[in-house]
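Close look at the chain arrangement
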Amino acid sequence: GQQLNQSPQSMFIQEGEDVSMNCTSSSIFNTWLWYKQDPGEGPVLLIALYKAGELTSNGRLTAQFGITRKDSFLNISASIPSDVGIYFCAGPNSGNTPLVFGKGTRLSVIA
Amino acid sequence: DTAVSQTPKYLVTQMGNDKSIKCEQNLGHDTMYWYKQDSKKFLKIMFSYNNKELIINETVPNRFSPKSPDKAHLNLHINSLELGDSAVYFCASSQERSTTQYFGPGTRLLVL
């Protein structure tokens, strides 16, 4: 089945720094989704991308759907302590409903 | 208002017991899912239901049985619980089959 590779696995950054993480796939995805999971909570959708090349922002977050449709990145600008959590990329599996998730990027922000 | 809710939030039980986890969504979605998140936080689909019908059942032991009494509910029943069943179970829902999914807060299952 399709697999999503996320990098980096974890990041420790200072408050105020910008963050970049990405997600790659061995096969084409038609939709890219970025979720954030806070400790003890369920994943919450941050940004959805539906078109190759699409660049979408949500506050300090910006995500892009790669031109090859095999990758996506998520940037967070001017990080704050509440950005701490696990960020997952996800996409529909071969046109069926269930999402395939990457293994997550764990973000820690040091005040 | 909670969009996707699950009960219980925590479940601690002995090996061999049977337990159920309930999920409800008030978003009017027609597709619901169960995911399992292991200790390494890897999320994996277990079941997918569309309009009360099972459409996807990934490689899951038949001790796990989903039941959907109506479009707004998808419950998960687990028979003969094993230590390896300890994980966080998330319910999710979406409108139509290939759109974004909304997750519940999770049920933390610990089998002793």
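A quick note: this is a predicted structure, and the numbers were derived from the prediction, not measured. (Residues numbered from 1 in each chain as written. Chains lettered and ligands numbered in written order. Predicted model: local features only at pLDDT ≥ 70, side-chain atom pairs only at ≥ 80, totals over all residues. Heavy atoms only, no water.)

Details of the overall build of chain A
As a reminder, the rule being used: Per the convention used, a helix needs a DSSP run of H or I reaching at least four residues, while a strand needs a run of E reaching at least two, with both numbered from the N terminus. Note that the radius of gyration is over C-alpha atoms, with the globule rule given as 2.2 Å times the number of residues to the power 0.38. We call a residue buried when its accessible area falls under 20% of the maximum for its residue type, exposed when it is over 50%, and partly exposed in between, using a 1.4 Å probe and counting protein chains only. Pairs of residues are marked as contacts when any of their non-hydrogen atoms sit within 4.5 Å. Computed with a 1.4 Å probe, the accessible areas rest on the Shrake-Rupley method; for each residue, only the protein chains presented here act as cover. His is not counted, nor are the chain ends; Lys and Arg add positive charge and Asp and Glu add negative charge. Lysine's charge is taken at NZ, arginine's at CZ, aspartate's at CG and glutamate's at CD.
Within chain A, the secondary structure is distributed over 0 helices and 11 strands. The helix and strand sequence of chain A, counted from the amino end, reads β-β-β-β-β-β-β-β-β-β-β. Since a compact globule built from 111 residues should have a radius of gyration of about 13 Å, the 13 Å found for chain A is in line with a globular shape. Across its three principal axes, chain A shows a C-alpha extent of roughly 40 × 30 × 20 Å. Considering chain A as a whole, with its 111 residues, one finds that 45% of them fall into the buried category. Of all intrachain contacts in chain A linking residues separated by at least 6 positions in sequence, the fraction that spans at least 24 positions is 52%. A total accessible area of about 5100 Å² is found for chain A, and carbon and sulfur atoms account for 51% of it. One finds the centroid of the 7 positive side-chain charges in chain A at a distance of 12 Å from the centroid of its 8 negative side-chain charges.

A short note on the interface of chain A and chain B
The cut-off we apply is this: Values labelled buried area give the accessible surface lost by two parts on being combined, using a 1.4 Å probe and summing over both. Salt bridge, as used here: a side-chain nitrogen of Lys or Arg that lies within 4 Å of a carboxyl oxygen of Asp or Glu. As used in this structure description, the phrase polar contact means that two N or O atoms lie within 3.5 Å; if the pair is within protein, one of them must be able to donate a hydrogen and the other to accept it, and residues adjacent in sequence are counted only when both atoms belong to side chains.
Across the boundary between the two partners, chain A contributes 21 residues, which contact 23 residues of chain B. For the pairing of chain A and chain B, the buried interface totals around 1700 Å² over both sides, and the portion due to carbon and sulfur atoms is 62%. Linking chain A with chain B are 0 salt bridges, by the criterion used here. Taken together, chain A and chain B are joined by 5 residue pairs in polar contact (both at pLDDT 80 or more). Contributing elements (two or more residues each) for the side of chain A that touches chain B: strand 4 (32-37), strand 5 (44-49), strand 9 (85-92) and strand 10 (99-101) of chain A.

Observations concerning unusual backbone geometry
The amide bond that connects Ser7 of chain A to the next residue, Pro8 of chain A, takes the cis arrangement and shows omega of -5°. By the element assignment, Pro8 of chain A lies in the loop between strand 1 (4-7) and strand 2 (10-14). Between Thr7 of chain B and Pro8 of chain B the backbone carries a cis peptide bond, its omega angle lying at -5°. Relative to the assigned elements, Pro8 of chain B resides in the loop between strand 1 (4-7) and strand 2 (10-13).

Considering the sheet that holds strand 1 of chain B
Residue and element names in this part refer to chain B. Our working rule: Any two strands with at least two DSSP bridges between them are considered paired. To define axes, lines are fitted to C-alpha atoms, for helices over the stretch in contact only, and angles between the resulting N-to-C directions are given on a 0 to 180 degree scale.
One open sheet accounts for 4 strands, arranged 1-3-8-7; its pairing is antiparallel. Strands with a single pairing partner mark the edges of an open sheet, and in this sheet they are strand 1 and strand 7 (64-70). Direction aside, neighbouring strands of the sheet carry axes that sit 20° apart on average. Pairing between strand 1 and strand 3 (residues 19-25): 4 bridges, direction antiparallel. Residue pairing in the sheet places Thr7 in a bridge with Lys22 of strand 3.

Here we look at the pairing of strand 4 of chain A
Residues and elements named next belong to chain A. Burial within strand 4 is extensive, with 6 of its 6 residues counted as buried. Burial along strand 4 is two-sided: Trp32, Trp34 and Lys36 and Leu33, Tyr35 and Gln37, pointing in opposite directions, are all buried. Pairing analysis gives 5 bridges linking strand 4 to strand 5, with the strands arranged antiparallel. Residue pairing in the sheet places Leu33 in a bridge with Ala48 of strand 5. Where strand 4 and strand 9 come together, 5 bridges link them in antiparallel fashion. Pairing of Gln37 across the sheet is with Ile86, part of strand 9.

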